[in-house]
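As a plain string of letters, each chain reads:
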Amino acid sequence: MGSWDLKPHPSMATRSLLGSFRATSSRLAAAPACRRSFHSYEYTQPPPFPPTESAILSAALSHVPDHGFTTAALTLGARDVGYLDVSTNILPRGVFDLVNYHLVMQRLALKDTVQFPAEAESGKKLGTGAKVRTLILARLRANESIIHRWQEALAIMAQPTYVPASLAELARLADEIWFLAGDTSVDTSWYTKRASLSAIYSSSEVFMTQDTSQNFRDTEQFLDARMEDVMKMGSIFGALGEWTDYTAHSTINVLRSKGVRI
Amino acid sequence: MNVQAPRILLRRQLLGGVKRRASREPYRCFSCSVRDAQQQTPPPKSPQHAQGTTHFGFETVAEALKEQKVGAVFSSVASSYDAMNDFMSLGIHRLWKDHFVRNLNPGRNPLTSSSSDQGWNILDIAGGTGDIAFRMLDYASTINNDAHTKVTVADINPDMLAEGRKRALSTPYARSPRLKFVEANAETLDMIPDSSIDLYTVAFGIRNFTHKGTALREAYRVLKPGGVFACLEFSKVNNPLFDAFYKRWSFGAIPLIGQVVAGDRDSYQYLVESIERFPSQTEFRDMIQDAGLLVPGQGWEDLTGGIAAIHKGVKPT
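Residues numbered from 1 in each chain as written. Chains lettered and ligands numbered in written order. Predicted model: local features only at pLDDT ≥ 70, side-chain atom pairs only at ≥ 80, totals over all residues.

Per an unreviewed UniProt entry, chain B goes by 2-methoxy-6-polyprenyl-1,4-benzoquinol methylase, mitochondrial and derives from Lophiostoma macrostomum CBS 122681. Database annotation for chain B, UniProt heading Subcellular location (unreviewed entry): "Mitochondrion inner membrane". According to its UniProt record, chain B has this under Function (unreviewed entry): "Methyltransferase required for the conversion of 2-polyprenyl-6-methoxy-1,4-benzoquinol (DDMQH2) to 2-polyprenyl-3-methyl-6-methoxy-1,4-benzoquinol (DMQH2)." (UniProt positions renumbered as here; feature names shortened; annotations may be inferred.)

Where an unreviewed UniProt entry is consulted, chain A appears under the name Ubiquinone biosynthesis protein, with the organism given as Lophiostoma macrostomum CBS 122681. Taken directly from UniProt, the Sequence similarities (unreviewed entry) text for chain A runs: "Belongs to the COQ9 family."

Okay, structure coming up:
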């Protein structure tokens, strides 16, 4: 009964939000045949990359600390796994595929790296907010080894050709984090939660590239401040909505009492 | 009688391809090609519909004849090849070729490779005029600082090769061992040993092969494990509106330009017909996969809305 946990596929959300990003959706369609549009605990997802690509990319990723997100890293990675320099042509988007590989692998690794203790064991309940914070920090920590090269990756992601794919990947990450935090909202907050989390995550990520503090303490503080902002904003918007609703109703009632037919 | 002889000679010079044309149709005019495009139902798709025949443009010819006929076409266009390409594609073919070469990133950069041995071994099939070969060598030398990458230009047509040799004289590679010209049929590359090629390219050539599958399998044989097959070829336009305009242009204008500029309508008529008969992006991708190559991503990249497409395949290790 409880084994099916339906979760709208992130690509559906991006497609409806950003209807013009056709490139991403068509690329998804061309990917492995068996791809479900919902999350299932019963069936394992197919590996995200074909074997040859993932062999070259994972080897290339180990050269990123020294060579950055460049074709040099790709070439060295290809050589490591017994391919030729020219074999990097298997990656249609070149270095962006390397960045994308890192993003996808770290997103998928999130569910294994972060384990929340069951309620019965720890005794106290961990709130969704705290879970989200833990997950964001875990994801940011995954960039730690290549943080000195991460600005290059951000620059590549910001290239107009790759912006749609990058945004889609950000949306998938936000979706993954809310899902792992146990959020089951089905109203409009589904969208606002993901949008605000995407904003928080991407700004923290940029902040982290400049962070020189011990153990990235500043980034942690920055993240907390942003999350507080969002919560404040949320309550402000909520109060504003309530006030607008009240004022509108009163105005109409006053007008009605004066004999206006509304 | 004496007066008439030079006149006949003159007419023959003006209408170079008259003789070849005679075998195809009794009468042709400027509008014939448009009529061809609209009315002539292309022969059935399957090449196996009759034993031992294949298509030559919209015609069905015996397999043994196709090679000869294609040879005649390219012998007649060799000298005006570049000018005609510019006229027909409005110069865009240069951008396509540049993009093709830039994307392949040929050459081994000595700065990043610790064991600075020899460069790539590139085989450029149907590259008689050297368009791709010179670009490859330029890119390898100037961008990747690689002075070792070699290009072997293979073409079935000696006239095209002669044109390429002539052009090579104006490049720095004319007398260097980095550039070699060979006369060869892409279906039987006997002079190329197994697993010896890093990069196999064919730009606007595979369309004219009699047996494309055989050529692909031959490419698989000569490629090193991990080597790349890259093909730049005319393809199918995706947008129906643009397609209608493009069909008008190719069937209406290109044979006409061929007649006016190169004095040879039939060759250019064959050109547009052969483009029309070439398999679509997905069909050709499947052919590459059938030959045993891995395709990157969706398998191709469209250029200018699908007028041309770059297909790639990697030989698995």
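Read on, since the account is not over.
A. Quick peek at the overall build of chain B. Secondary structure summary: chain B contains 12 helices and nine strands in total. Counting only residues that meet the buried cut, chain B has 42% of its 317 residues in that class. Excluding contacts between residues fewer than 6 apart, the proportion of contacts in chain B whose partners are at least 24 apart in sequence is 72%. (Helix = DSSP H or I, 4+ residues; strand = E, 2+ residues; numbered from the N terminus. Buried ≥ 20, exposed ≤ 12 C-beta atoms within 10 Å, placed from the backbone. Contact = placed C-beta atoms within 7 Å.)

B. How the structure looks around the interface of chain A and chain B. Facing the 15 residues of chain A at the interface are 20 residues of chain B. Considering each element in turn, the side of chain A that touches chain B owes the most residues, three residues, to helix H5 (residues 71-80) of chain A. The residue inventory of the side of chain A that touches chain B, partitioned by class, reads eight nonpolar, six polar and one charged. (Nonpolar A, V, L, I, M, F, W, Y, C, P; charged D, E, K, R; others polar.)

C. Summary view of the UniProt feature "domain: COQ9 C-terminal" (unreviewed entry) in chain A. The feature "domain: COQ9 C-terminal" (unreviewed entry), as annotated in UniProt, sits at residues 163-234 of chain A in this numbering. Annotation note: span residues 163-234 of chain A, helix share 79%, strand share 0%, distance between end C-alpha atoms 28 Å.

D. Quick peek at the pairing of strand S3 (residues 121-125) of chain B. Residues and elements named next belong to chain B. Among the five residues in S3, five count as buried, and that is most of the element. Alternating residues of S3 divide into Asn121, Leu123 and Ile125 and Ile122 and Asp124, and every residue in both groups is buried. Following the chain from S3 across helix H7 (residues 131-142) to the adjacent parallel strand S4 (residues 150-155), one finds a crossover that is right-handed. Relative to strand S6 (residues 197-203), S3 is paired through four bridges, and the arrangement is parallel. Paired with Ile122 across the strands is Leu199, a residue of S6. (Right-handed = clockwise from strand over helix to strand, strands pointing away. Pairing = 2+ DSSP bridges.)

E. Representation of the UniProt feature "binding site: S-adenosyl-L-methionine" (unreviewed entry) in chain B. Residues and elements named next belong to chain B. Look at the UniProt record and you will see "binding site: S-adenosyl-L-methionine" (unreviewed entry) annotated at Thr129, Asp155, Asn185 and Ala186. In this structure Thr129 touches Tyr81, Met160, Glu163, Gly164 and Arg167, once residues within four positions along its chain are discounted. Within the fold, Asn185 resides in the loop between strand S5 (179-183) and S6. On the neighbour-count criterion, Asn185 (17 C-beta atoms within 10 Å) is partly exposed.

F. Broad picture of the sheet that holds strand S9 (residues 308-314) of chain B. Residue and element names in this part refer to chain B. The strand order across the open sheet formed by seven strands is S5-S4-S3-S6-S7-S9-S8, and the pairing between neighbours is mixed. Pairing within the sheet leaves two strands with one partner each, and these edge strands are S5 and strand S8 (300-303). Between one strand and the next, the sheet's axes are offset by a mean angle of 15 degrees, whatever the strand orientation. Across the sheet, helix H9 (residues 212-222) is in contact with S3, S6 and strand S7 (223-234); its angle to S7 comes to roughly 145 degrees. (Axes fitted to C-alpha atoms, helices over the stretch in contact; angles between N-to-C directions.)

G. How the structure looks around unusual backbone geometry. Phi is positive for A:Asn215, close to 55 degrees, though the residue is something other than glycine. Here A:Asn215 shows up in the loop between helix H11 (189-209) and helix H12 (217-257). In this structure, B:Asn145 is a non-glycine residue whose phi angle is positive, near 50 degrees. With respect to the helices and strands, the residue B:Asn145 is situated in the loop between H7 and S4. Residue classification places B:Asn145 among the exposed positions, given that 12 C-beta atoms sit within 10 Å.

H. Focus on the environment of A:Thr209. All names here are of chain A. Within the secondary structure layout, Thr209 lies in helix H11. Judged by C-beta crowding, with 16 C-beta atoms within 10 Å, Thr209 ranks as partly exposed. Separated by 38 residues in sequence, Thr209 and Ala171 have C-alpha atoms that sit 21 Å apart. Once residues within four sequence positions are removed from consideration, Thr209 is found in contact with Ile147, Trp150 and Gln151.

I. Seen up close, the packing of helix H6 (residues 95-113) of chain A against helix H10 (residues 163-180) of chain A. All names here are of chain A. With their axes 10 Å apart at the nearest point, H6 and H10 run at an angle of 5 degrees to one another. It follows from the interaxial angle that H6 and H10 lie roughly parallel. Side by side, H6 and H10 meet where Asn100, Leu103, Arg107, Leu110 and Lys111 of the first sit next to Ala165, Glu169, Arg172, Leu173, Glu176 and Leu180 of the second. Residue composition of the contact of H6 with H10, by class: five nonpolar, one polar and five charged. (Parallel < 35°, antiparallel > 145°, perpendicular 65-115°, else oblique.)

J. Structural detail: the nonpolar core. Judged by nonpolar contacts, the single largest core of 100 residues is most densely connected at A:Leu98, B:Leu199, B:Tyr200 and B:Phe229. Core analysis: the second largest hydrophobic core is formed by 19 residues, A:Ala165, A:Ala168, A:Ile177 and A:Leu197 among them. (Core = buried A, V, L, I, M, F, W, Y, C linked by C-beta atoms within 7 Å.)

K. Summary view of the confidence of the model for chain A. Averaged over all residues, the pLDDT of chain A is 84; the fraction at 70 or higher stands at 84%. Confidence over residues 1-33 of chain A falls short of pLDDT 50; this stretch has 35 contacts with residues more than four positions distant or in other chains. (pLDDT = per-residue confidence, 0-100.)

L. Focus on the environment of B:Asp124. All names here are of chain B. Tracing the chain through its elements places Asp124 in strand S3. Residues Asp124 and Thr201, spaced 77 residues apart in sequence, show a C-alpha to C-alpha distance of 4.9 Å. Not counting residues within four places of it along the chain, the set of residues in contact with Asp124 comprises Ile132, Ala133, Val151, Thr152, Val153, Ala154 and Thr201.

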